[in-house]
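What follows is each chain in one-letter form.
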Amino acid sequence: MSSTKYILGVFDDPDELMHGIDKLQKNSVPIYDVYTPMPIHGIDAKLGIKDSRLGYAAFMFGCVGGSLIFGLVYYFLVHDWPMDIGGKNYFAIPDFIPVTFEWTVLFASYGMAFTFFFSTHLFPGRAPRVMDLRATNDKFVIAIDAKGNIPHEDITNILKEAGASEVKHNDRKYVSYE
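Conventions we followed
Residues numbered from 1 in each chain as written. Predicted model: local features only at pLDDT ≥ 70, side-chain atom pairs only at ≥ 80, totals over all residues. Heavy atoms only, no water. Pairing = 2+ DSSP bridges. Helix = DSSP H or I, 4+ residues; strand = E, 2+ residues; numbered from the N terminus. Axes fitted to C-alpha atoms, helices over the stretch in contact; angles between N-to-C directions. Contact = heavy atoms within 4.5 Å. UniProt positions renumbered as here; feature names shortened; annotations may be inferred. Salt bridge = Lys/Arg side-chain N within 4 Å of Asp/Glu carboxyl O. Buried < 20%, exposed > 50% of the residue type's maximum accessible area, 1.4 Å probe, protein only. Domains from an automatic or database assignment. Left-handed = near helix turned anticlockwise from the far one by under 90°. Nonpolar A, V, L, I, M, F, W, Y, C, P; charged D, E, K, R; others polar. Expected span 1.5 Å × (residues − 1). Core = buried A, V, L, I, M, F, W, Y, C linked by side-chain atoms within 4.5 Å.

**Student:** So, the sheet that holds strand β4 (residues 166-170): which residues are in play, and what are the values?
**Tutor:** In space, the four strands of this open sheet follow the order β2-β3-β1-β4, with antiparallel pairing throughout. Strand pairing shows two members of the sheet lacking a second neighbour, β2 (33-35) and β4, which therefore form its edges. Adjacent strand axes in the sheet meet at a mean angle of 20 degrees when their direction is disregarded. By the bridge criterion, six bridges tie strand β1 (residues 6-11) to strand β3 (residues 140-145) in an arrangement that is antiparallel. What sits directly across from Ile7, in β3, is Ile144. Here helix α1 (residues 14-26) sits on the sheet in contact with β1, β2 and β3, set at roughly 20 degrees to β3.

And the structure:
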């Protein structure tokens, strides 16, 4: 029994990587993940990755922030400590707009950042998950789950035919930085 957990196809060029993804998908080989040193246009659609819902979270946090400060300012300036300034009405909405906008942006940005970190498990002090450290510099890596897949030799041949410069059989999930 093999202890290989992942098969890594290392590519030198993003076009070869995209060709490798096509060949693997034609042969019904499920791809675990793809690591690249830069964004590649069209790779999300090719891998079937859904659009992020982070914008919905930002909208909701913005609504909470805007509503919260609008309610607080209304309570403070109308009910708790009403002041007659220049003969204006206590509830002069134009006076509330700047601080409401600022709190909306503040809550949306911080809420979106915390939601991103929570959803991707990027907490302070956590080591990044990378299959091959060269994927952060100049290589493009396709990771394939070796368990319950077609024979490893067939996957290796498919990756080599697609233009992989190197095919590695990993026995652990992630590379440590030590």
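Alright, that's what it looks like, and here's the rest.
**Student:** So what's going on with the UniProt feature "transmembrane region" (unreviewed entry) in the protein chain? Residues and values would help.
**Tutor:** UniProt records the feature "transmembrane region" (unreviewed entry) at residues 54-76 and 96-119, using the numbering of this structure. Summarising residues 54-76: 100% helix, 0% strand, and an end-to-end C-alpha distance of 33 Å. The span residues 96-119 shows a helical share of 100% and a strand share of 0%, and its end C-alpha atoms are spaced 34 Å apart.

**Student:** Please set out the pattern of salt bridges residue by residue, giving values where relevant.
**Tutor:** Where charged atoms of side chains with opposite charge meet at close range, the side chains can pair. Counted by the stated rule, this structure contains four salt bridges. Asp22 is paired through a salt bridge with Lys46; the nearest N and O atoms lie 3.0 Å apart. Of this pair, Asp22 sits in helix α1 while Lys46 sits in helix α2 (residues 43-47), placing them 24 residues apart in sequence. The salt bridge partner of Glu161 is Lys23, with a shortest N-O separation of 3.7 Å. Of the two residues, Glu161 sits in helix α5 (residues 152-162) while Lys23 sits in helix α1, which places them 138 residues apart along the sequence. According to the relative accessible area criterion, Glu161 is exposed, its value standing at 56%. Lys23 sits in the partly exposed class, given a relative accessible area of 21%.

**Student:** Lay out the domain arrangement of the protein chain with the relevant residues and their values.
**Tutor:** Taken domain by domain, the protein chain consists of domain 1 (6-50 + 127-170) and domain 2 (54-119). Taking only C-alpha atoms, the centre of domain 1 and the centre of domain 2 are 46 Å apart.

**Student:** Talk me through the environment of Ile31; I want residue IDs and the actual numbers.
**Tutor:** Summarising the element assignment, Ile31 is placed in the loop between α1 and β2. Considering only alpha carbons, one finds Ile31 and Lys168, 137 residues apart in sequence, at a separation of 15 Å. Residues within four places of Ile31 in sequence aside, it is in contact with Ile21, Leu24, Leu47, Ile142 and Ala143.

**Student:** Give me the packing of helix α3 (residues 54-80) against helix α4 (residues 93-120): which residues, what numbers.
**Tutor:** Direction vectors running N to C along α3 and α4 enclose 145 degrees, while the axes themselves pass 7 Å from each other. In the packing of α3 onto α4, the handedness of the crossing is right-handed. Tallied by class, residues from the contact of α3 with α4 come to 18 nonpolar, seven polar and no charged.

**Student:** Run through α3, naming residues and quoting values.
**Tutor:** Taking 1.5 Å of rise per residue, 27 residues should cover 39 Å, and α3 covers 37 Å from first to last C-alpha, within 8% of that figure. Within α3, the full set of buried residues consists of Ala57, Ala58, Gly62, Gly65, Gly66, Ile69, Val73 and Val78. On the buried face of α3, the contacting elements are α4.

**Student:** Can you explain the nonpolar core? Please cite residues and give values.
**Tutor:** Among the nonpolar cores identified, the biggest contains 20 residues, and Phe11, Leu17, Ile142, Ile144 and Leu159 are the most heavily contacted of them. For this core, the secondary-structure elements that each account for two or more residues are β1, α1, β3 and α5. With eight residues, the next largest nonpolar core counts Tyr6, Met131, Ala135 and Val141 among its residues.

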